[in-house]
Each structure stands twice: as structure tokens, then as C-alpha cells.
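Summary of structural features
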Amino acid sequence: MFEEAQYFAPIATQDDGSVVVELASSHPGFADPVYRARRNAIAGLAVNHRRGEPIPLAEYTEQEHEVWALVTRELGVKHRAYATAEYLAGVERLGLPRERIPQLQEVSELLEPLTGFRYLPAAGLVPLRDFYGVLADGYFHSTQYIRHHSVPFYTPEPDVVHEVIGHANALASDRYAALYRLAGQAARRVEGEEALEFVSKVFWFTLEFGVMREGGELRAYGAGILSSYGEIEEFRGMDIRPLDVAAMGTTHYDITKYQDVLFQADSLGHLEDVVGDFWATCDDDSIAKLVATSS
Ligand SMILES: [Fe+2]
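Here is what the cut-offs are and how they apply
Residues numbered from 1 in each chain as written. Predicted model: local features only at pLDDT ≥ 70, side-chain atom pairs only at ≥ 80, totals over all residues. Heavy atoms only, no water. Buried < 20%, exposed > 50% of the residue type's maximum accessible area, 1.4 Å probe, protein only. Helix = DSSP H or I, 4+ residues; strand = E, 2+ residues; numbered from the N terminus. Arc of directions from axis to C-beta. Contact = heavy atoms within 4.5 Å. 1 Å grid on protein atoms, 1.4 Å probe; cavity = no way out; pocket = protein on both sides within 12 Å on 5 of 7 lines; lining within 4 Å. Points joined across faces, edges and corners; volume = space filled by probe spheres on them. Nonpolar A, V, L, I, M, F, W, Y, C, P; charged D, E, K, R; others polar. Core = buried A, V, L, I, M, F, W, Y, C linked by side-chain atoms within 4.5 Å. Phe/Tyr/Trp six-rings, centres within 6.5 Å; stacked < 30°, edge-to-face > 60°. Lys NZ or Arg CZ within 6 Å of the ring centre and 35° of its normal. pLDDT = per-residue confidence, 0-100. Pairing = 2+ DSSP bridges. Axes fitted to C-alpha atoms, helices over the stretch in contact; angles between N-to-C directions. Parallel < 35°, antiparallel > 145°, perpendicular 65-115°, else oblique. Left-handed = near helix turned anticlockwise from the far one by under 90°.

Some points on helix α3 (residues 85–94)
Inspection of α3 places Y87, G90 and L94 among the buried residues, and these make up the whole buried set. Considered in projection along α3, the buried side chains sweep an arc of 50° and stay on one side of the axis. On the buried face of α3, the contacting elements are α2 (62–82), α4 (104–115), α6 (160–171), α7 (174–189) and α9 (223–226). Where α3 ends, the next residue or the one after it, G95, has phi of about 65°, a positive value.

Dropping the structure here:
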């Protein structure tokens, strides 16, 4: 899930308890009343869900299942060319359905025996501390809706394609899952909002948009790149910088366009040493020092 408030369609609960998703007029599904009704119903599932209960089934149309099948097929080709070996092993290990959108409950049931991670439904934006904090307990907040079928390779907001193809395949790897947990522990440990923001930016530049040298090539392991049909073709041409926690925690990013500054790990071990160790040990004081040295 992405963390910027403006990226998610706002959710409103009406006096009668019904849930309304306020899509922007530029959203591809804005003028489609059937899609909008489904978005409202799906958001209502998350609003009314209680942790520990099974995740309610979302209803999808045949067209939406076809979007999933098309995107799975096309991204699969690009993953073989551009994703890290550890992510590709996660794809094989998890075995997501290829022809229909999996229910989040099903994703949880595939994932939990592998790395202990379970999915939680999210209607939209989850506050940073909750979103990251529960990673420490092996929970991942996920939206449940899918992009509008008229534009299968585009979404203005993180949808189930991003959450499941991008994140669940990574969470099926023991080593990536361990990094997600460490990020959660860091988010729990820090007290100040600035330190939390720093922790979340390091997550952004690694588990969302991280790239890695592998076999002499640059490959992606970040869920944001690996779930984006356009971005996965572009990342090699971006401004690629060395892995540096202070730089990642203080670099500004614009969520509404392709990420043009990326940070490269030399290997998965390098990522674990630099970023894993940072999340395992950071606190408000150590982060304040990193901010001071980078300014
Ligand atoms: Fe994400």
C-alpha cells in the first residue's frame, strides 16, 4: 500500500451506515455507476471487518477477472526480464491464481504457511503507524478493489494488482518478509512523527521502489515497480543512486508520477545489512543524527 493521503480516494460513512468512495472526476471509473457501486460495497467490507475474522468476499465482474488475467500475463513476461531471482522464487512459491482475481482471504491462506504473513482489508488510506506497525505482527493492509476495466494497465491508486502481485509475491520470500517485519518493528519503536516518516521513506525507496544489482544487471524487487506495467520498463533509465539510509529517509518523492530517483542495493545481503540493520536498531535519536548528517 502507498502511504500518501492524496493518493487514495476518500471514504465517507453516511448516516445510514453505508460507505461511499469519493472518486475524483479524472478517475477512469468516475462515470461508471456499476463500478462505483462495487467500489462502495468493497470499501464497506473493509470498514466493517474485524481482525481475526475471515476477510469477506469481494464481488468482481468477468471483465475485472479478465483484467487480472491480462495484467498477470503481461507482468509475468516483464518479471522474468526485470525482477530479482528472490522475487521470482516468491512467485513460484506462492502460486497465485493467474486467470481470476484471488480473494484476500485466499492470499492470506497461501501466504501464512510460507512466511506467517496474513492480509487485512483496507478501504483506503491506513494511518502510517498502523499500516507499518502491524507488519511486525505479520499483517499486511491491502486494498481489495481492482482498477477500472477500460484501462487495464493504468491505475491512479494502489489496487489489488499492486497489493497482491507486487507485495504478496515478495512476502512469500522468507528474506523479504523478514525485512517487512523489521520495518514494522522500527515503526513501533520510534515515537516521533518525523522518525516514523523517515522509517516509511526508507520503506518507500526499498520495498516499494527498490532496485538491485544481480548477475551484472539492474533488477527490481520493489512492489511499486513490479506491479506497474509502465514503470517496470523505465526504471533502468532513472537516476540510480547507491543504497544510503540517510539519503532515502530524507529524499522527497512525488507519488503521482514515475519515481525518477531510485536506490540500488548491490545484493540482497547488502540490502539486509544496510536497511535490515537500520530498521532493527533505529530509534528517534539515531534517526535525528542521520537527518542532521544529510542536511
Ligand atoms: Fe505498496
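Back to the write-up after that little detour.
A closer look at the environment of G184
By the element assignment, G184 lies in helix α7. Taking the C-alpha atoms as reference, G184 lies 29 Å from T13; in sequence the two are 171 residues apart.

Points about empty space enclosed by the protein
Following the criterion strictly, the structure yields two cavities of 30 Å³ or more and no others. Taken as a whole, the largest cavity holds about 70 Å³ of empty space. Lining the largest cavity are 15 residues, with R39, A43, A122, A123 and Y145 sitting closest to its centre. Per-element tally for the lining of the largest cavity: the top contributor is helix α1 (residues 33–47), with four residues. Its residues assigned to classes, the lining of the largest cavity comprises ten nonpolar, three polar and two charged.

Observations concerning the nonpolar core
When a protein is soluble and globular, its nonpolar side chains tend to lie buried together. Counting residues in each nonpolar core, the largest one holds 82 residues, and the members touching the most others are Y119, V164, Y176, Y180, F235, L271 and W279. Sorting elements by how many residues they give to this core places helix α8 (residues 193–208) first, with nine residues. Within the second largest apolar cluster, eight residues are counted, among which are A9, V21, A43 and A123.

A word on the packing of aromatic side chains
Under the counting rule described, the total for this entry stands at 16 aromatic pairs. Ring centres 6.3 Å apart and planes at 75° place the aromatic pair F140 and Y180 in the edge-to-face group. Here F140 is found in strand β4 (residues 139–142), whereas its partner Y180 is found in helix α7, with 40 residues between them in sequence. Here a set of aromatic residues connected by ring pairs shows up, and it is made of F117, Y119, F131, Y132, F140, Y180, F203 and W279. Positioned above the aromatic ring of Y145, the side-chain terminus of R39 is 3.6 Å from the ring centre. Above the ring of Y139, the side-chain terminus of R118 is found at 4.2 Å from the ring centroid.

Focus: the confidence of the model for the protein chain
Within the protein chain, residue pLDDT values average 94, and 98% of them lie at 70 or more. Taken as a whole, residues 1–6 scores under 50 in pLDDT and shows 35 contacts with residues more than four places along the chain or in a different chain.

Thoughts on the environment of G210
Relative to the assigned elements, G210 resides in the loop between α8 and β5 (211–214). By relative accessible area, G210 is classed as buried at 0%. The sequence separation of G210 and L271 amounts to 61 residues, and the corresponding C-alpha distance is 9.5 Å. Ignoring any residue separated from it by four or fewer positions in sequence, one finds G210 in contact with F205, A220, Y221, G222, I225 and F263.

Examining the sheet that holds strand β7 (residues 239–242)
Judged by pairing direction, the sheet is mixed, and its four strands sit side by side in the order β6-β5-β8-β7 without closing on themselves. Of all the strands in the sheet, the pair left with one neighbour each is β6 (217–220) and β7. Direction aside, the axes of adjacent strands within the sheet are offset by 40° on average. Where β5 meets β6, four bridges bridge the pair, whose relative direction is antiparallel. Across the sheet, M212 pairs through a bridge with R219, a residue of β6.

Details of the packing of α7 against helix α12 (residues 268–281)
Where α7 meets α12, the closest approach of the two axes is 8 Å, and the angle between their N-to-C directions is 20°. In terms of orientation, α7 and α12 fall into the roughly parallel class. In this structure, the crossing between α7 and α12 has a hand that is left-handed. Judged by residue contacts, R175, Y176, L179, L182, A183, A186 and R189 of α7 engage L268, G269, L271, E272, G276, W279, A280 and T281 from α12.

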